[in-house]
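The residues making up each chain are set out below.
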Amino acid sequence: MTDTYLNLVNSGFTKKIAKQLGLPRPVPLRRHQPGRPLVDGPVLVLGTGEDADTVAHVLAGTAALSGASLAPGWDLDVRRHPAQGERYAAVVLVLTGLTHPDELAAPVLALGSTLQGLAPHARVVTVSRPATPDDGPAVAAARQGVDGILRSVAKELRNGATGNGVVVADGVPVTAPSVLGALRFFLSARSAFVDGQLLAVDSDGGSLPLDWDRPLDGRVAVVTGAARGIGAAIAETLARDGATVVAVDIPAAGEQLAAVANKVRGTALQLDVTAEDAGTRILEHARTRHGRLDVVVHNAGITRDKLLVNMTPDRWDPIVAVNIAAQLRINEQLLTSGDFTEEPRIVALASTSGIAGNRGQTNYAASKGGVVGMVRATAPLLSAFGGTANAVAPGFIETDMTAKIPAVTRQVARRLNSLQQGGQPVDVAEAVAFLASPQAGGVVGRTLRVCGQNLVGQ
Ligand code: NAI
């Protein structure tokens, strides 16, 4: 799906007119291409203390991790103090030791001094810790303050730059796989449409990949609703990252499904996810064709919008059946099979509608809010096997689903975020791939929004 307005305001004469009229001028986002550098320029690490030094060493490729070996693939040009006139590609603000709001001014104003000269598509990433129930009011105030700062900075950034944060649970070192994995994801072009988000790392679970470009090597992943849109992009992205992919969709989408499966050199499974034995059939297919099952992405989803005043069971029931009841049933079958036990990953598609609510979508929001709750409660069931369940909540993504929205509403909806544009299916796919990866093993039961910092909801 194309965004004609975005193309217009970035080309020649119409670019000039848009500037003169003060119209929103979204810029095309930089997206991941294997082989390209993680960031295009110097990275400034702000903050004092051991954690800031450690993060700086990791980014520079001079820290020994997991025993004696150096974490592969960082080697960034790291600076520790802002220099006038320097153009940073990223600023990492390490704020893990806060005990009072008075301590915020120095590092945050230092960040402020760099903003005007940030490179296009720059990244601002905070690394902080949440307050624990034992912390006093001053500690809690300082740590919660980071939340407000990050979300506000993200709204001030321009030129495709984004701001996101990693919130590291008490007792988890900043060198934990998921802290580094999340930091790398937020620094990279993989997170192009993730903005204003704070991702919690709950444990030091997971492991660093041998190759950051192929973290899913040797893993077998099932993607439901893979015949088109976001599902097809997820299948391609997981395959690019090394996974063998089983693409699932309804028989009516069989031709498109086969094309996707061929493209990713995986296999196709024609299956309605609402079938009673869907989980068993998925597992059977993955095991007989590929020997194992490691990752399940619940992407299949439908909408039937209607104001609640006009809602009928034929518009409510199928939404709940496809978008959440099927996922619950499939998970149950996987969990009781005894064959989904080697650091398994479940990643489910929620929606910002399920978090912030959306007019005309009570049915859809019930199912997508349900996904947020489901992953939270499913994650502990997988933890004994080193497994996780997490969700990705897309905002406005350019797909067949959103192409059905009336033109004017669509035009407005895609501008209502800090990046002033809709995301692409690949943006959602990148977040799914991160949560499916070994380095995300410490992110447990969370929902990551891919919405360009949508102006509604948190
Ligand atoms: P889409 O409508 O383009 O594709 C959905 C796919 O799911 C289709 O291939 C369809 O055949 C398949 N599917 C539907 N029912 C199925 C069933 N019972 N069994 C197996 N497959 C089935 O949708 P899109 O836009 O790619 O969305 C993918 C997911 O992302 C959905 O869960 C959706 O709710 C979610 N989402 C999408 C957003 C967007 O802006 N496009 C925003 C927020 C969430």
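The present account deals with the structure reproduced in this document. (Residues numbered from 1 in each chain as written. Predicted model: local features only at pLDDT ≥ 70, side-chain atom pairs only at ≥ 80, totals over all residues. Heavy atoms only, no water.)

## Some words on the packing of aromatic side chains
Part 1 of the reasoning: Following the criterion strictly, the structure yields 3 aromatic pairs and no others.
Part 2 of the reasoning: Relative to Trp-212, the ring of Trp-74 lies with its centre 5.7 Å away and its plane at 85°, an arrangement referred to as edge-to-face. Of this pair, Trp-74 sits in the loop between helix H3 (50-60) and strand S2 (78-79) while Trp-212 is found in the loop between strand S6 (197-201) and strand S7 (220-224), placing the two residues 138 residues apart along the sequence. In this structure, Trp-74 and Trp-212 share a single accessibility class: buried.
Part 3 of the reasoning: Among the aromatic side chains, those forming a connected cluster through ring pairs are Phe-185, Phe-186 and Phe-434.
Part 4 of the reasoning: Above the face of the Trp-74 ring, Arg-184 is positioned so that its terminal group lies 5.0 Å from the ring centre. (Phe/Tyr/Trp six-rings, centres within 6.5 Å; stacked < 30°, edge-to-face > 60°. Helix = DSSP H or I, 4+ residues; strand = E, 2+ residues; numbered from the N terminus. Buried < 20%, exposed > 50% of the residue type's maximum accessible area, 1.4 Å probe, protein only. Lys NZ or Arg CZ within 6 Å of the ring centre and 35° of its normal.)

## Things to note about the site of the ligand
Part 1 of the reasoning: In the vicinity of the ligand there are 27 residues, among which Arg-228, Asp-249, Asn-299, Tyr-364 and Thr-399 approach most closely.
Part 2 of the reasoning: Between the ligand and Asp-249, the relevant distance is 2.6 Å, taken from an oxygen atom to a side-chain nitrogen or oxygen of the residue.
Part 3 of the reasoning: Take Val-273: an N or O atom from its main chain is 3.0 Å from a nitrogen atom of the ligand.
Part 4 of the reasoning: If the ligand stood free it would expose 840 Å²; the protein chains cover 93% of that surface.
Part 5 of the reasoning: Residue assignment for the shell around the ligand shows that the elements contributing at least two residues are helix H7 (229-240), helix H12 (362-382) and helix H13 (400-403).
Part 6 of the reasoning: For the shell around the ligand, a count of residues per class yields 15 nonpolar, 8 polar and 4 charged. (Near = heavy atom within 4 Å. Polar contact = N/O pair within 3.5 Å; in protein donor to acceptor, adjacent residues only side chain to side chain. Areas by Shrake-Rupley, 256 points an atom, 1.4 Å probe, with all protein chains shown as cover. Nonpolar A, V, L, I, M, F, W, Y, C, P; charged D, E, K, R; others polar.)

## Considering the sheet that holds S7
Part 1 of the reasoning: The strand order across the open sheet built from 7 strands is S9-S8-S7-S10-S11-S12-S13, with neighbouring strands paired in parallel fashion. Looking at which strands have only one partner, the edges of the open sheet turn out to be strand S9 (267-270) and strand S13 (447-450). Strand-to-strand twist in this sheet, taken as the mean axis angle between neighbours without regard to direction, amounts to 20°.
Part 2 of the reasoning: Pairing geometry for strand S10 (residues 295-298) and strand S11 (residues 345-349), over 4 bridges, is parallel. Within the sheet, the bridge partner assigned to His-298 lies in S11 and is Ala-348.
Part 3 of the reasoning: Running at roughly 155° to S9, helix H8 (residues 254-263) makes contact with strand S8 (244-249) and S9 of the sheet.
Part 4 of the reasoning: The strands touched by helix H9 (residues 278-290) are S7, S8 and S9; relative to S9, the strand with the most contacts, the crossing angle is about 155°. (Pairing = 2+ DSSP bridges. Axes fitted to C-alpha atoms, helices over the stretch in contact; angles between N-to-C directions. Contact = heavy atoms within 4.5 Å.)

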